[in-house]
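Now for the letters of each chain:
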Amino acid sequence: MSTIAENIAKVGKRIDAAMQAANRESSAVGLLAVSKTKPAEAIREAFSAGLRDFGENYLQEALDKQAQLQDLSLTWHFIGPIQSNKTRPIAEHFDWVHSVDRLKIAERLSAQRPAGLEPLNICLQVNVSGEDSKSGCSPEEVSGLAHAVTQLPNLRLRGLMAIPEPTDDPVQQRAAFAKLRTLQESLNLPLDTLSMGMSHDLEAAIAEGATWVRIGTALFGARDYSS
Ligand SMILES: *Cc1c(COP(=O)(O)O)cnc(C)c1O
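Described below are features of the structure shown in this document. Computed from a predicted model, the values in this text were never measured in an experiment.

## Re the pairing of strand S2 (residues 53-56)
Here's step 1: Alternating positions in S2 separate into two faces, Asp 53 and Gly 55 on one and Phe 54 and Glu 56 on the other, with burial throughout.
Here's step 2: Both strand S1 (residues 30-34) and S2 contribute to a ladder of two bridges, which runs parallel. By the bridge assignment for S2, Ala 33 is matched with Phe 54.
Here's step 3: Each parallel crossover has a hand, and the one from S1 via helix H2 (residues 40-48) to S2 is right-handed.
Here's step 4: The parallel pair S2 and strand S3 (residues 75-78), bridged by helix H3 (residues 59-68), forms a crossover whose chirality is right-handed.

## Focus: the environment of Ala 9
Here's step 1: With respect to the element layout, Ala 9 can be found in helix H1 (residues 3-21).
Here's step 2: Residues Ala 9 and Ala 49, 40 residues apart in the sequence, show an inter-C-alpha distance of 8.9 Å.

## A closer look at the site of the ligand
Here's step 1: Residues in contact with the ligand amount to 13 residues; listed here are only the nearest, Lys 36, Asn 57, Ser 199, Thr 217 and Arg 223.
Here's step 2: Ser 199 places a polar side-chain atom, nitrogen or oxygen, 2.5 Å from an oxygen atom of the ligand.
Here's step 3: Isolated, the ligand exposes 390 Å² of accessible area, and the fraction of that covered by the protein chains is 91%.
Here's step 4: When grouped by side-chain class, the residues that make up the shell around the ligand number six nonpolar, four polar and three charged.

Rules behind the numbers
- Each chain has its residues counted from 1, following the order in which its sequence is written.
- Local features are withheld for residues below a pLDDT of 70 in this predicted model, meaning they are given only at 70 or higher, and side-chain atom pairs are given and counted only at 80 or more; totals for whole chains, interfaces and linings count all residues.
- Heavy atoms from the whole structure form the basis of all side-chain values; hydrogens and water molecules are not counted.
- Note on exposure labels: buried denotes an accessible area under 20% of the residue type's maximum, exposed denotes more than 50%, and partly exposed covers the range between, all computed with a 1.4 Å probe on protein chains only.
- A run of H or I in DSSP counts as a helix once it spans at least four residues, and a run of E counts as a strand once it spans at least two, with each numbered from the N terminus.
- The pairing criterion for strands is at least two bridges between them, as found by DSSP.
- Orienting the strands away from the viewer, one traces the path from the first strand over the helix to the second; a clockwise path indicates a right-handed crossover.
- Put simply, a residue is near a molecule or strand once any heavy atom of it comes within 4 Å of that molecule or strand.
- Pairing of N or O atoms within 3.5 Å defines a polar contact, subject to two protein rules: one partner must be a possible hydrogen donor and the other a possible acceptor, and residues neighboring in sequence count only if both atoms are side-chain atoms.
- For the area figures, the Shrake-Rupley method with a 1.4 Å probe applies, and any residue is considered shielded solely by the protein chains shown.
- Under the convention adopted here, Pro, Cys and the residues Ala, Val, Leu, Ile, Met, Phe, Trp and Tyr are nonpolar, Asp, Glu, Lys and Arg are charged, and Gly plus all remaining residues are polar.

Right under this line is the structure:
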């Protein structure tokens, strides 16, 4: 088995154990493989080991890898910060966007989604930890933004996403994820997605209802940003 295949098996065991501990059906959570900074070959290996959903943060890097992997049937998720002049290729080349945090971006994605493609699946990114993190709308803004996004014809609002401040304390991890779940419930919209949990905190996220865990390091190893 390749290292990536071994890592997928290990992460799968962690997910299964967490789902069992939470009394949830294991099919109720998806593993989104975060492949940013990793070569197309790593995605190919993960595909061979059964993964189909891949998350990317950097647009040009993602488009390059998509071009190299056209022979595979993959589902692409954009999970990074979005500049408004980059919305068109995102609307054209992705199936999901997890990082929408303002209406202007949502409006552009809807207007630029090509006719003939399914509506783009959207999660609103919420800044649940406050303070310095610049990405994500505030909890107070979510309701207005969510209801506005449901009116856009070529988007399908699926739920909320968060990247809480990193902490090793499982109590604090769960508190942040619980905040996202409670916010989602308070919207009274038919949403089915909570995109939360990464390599170090997927157990806490699953305990609070995650439906996508976004896993990079635990699948592909540490990232090298030096080159
Ligand atoms: C990089 C990244 C991840 C994966 O983080 P790991 O700690 O490597 O699992 C998940 N979500 C987002 C939005 C990311 O940018």
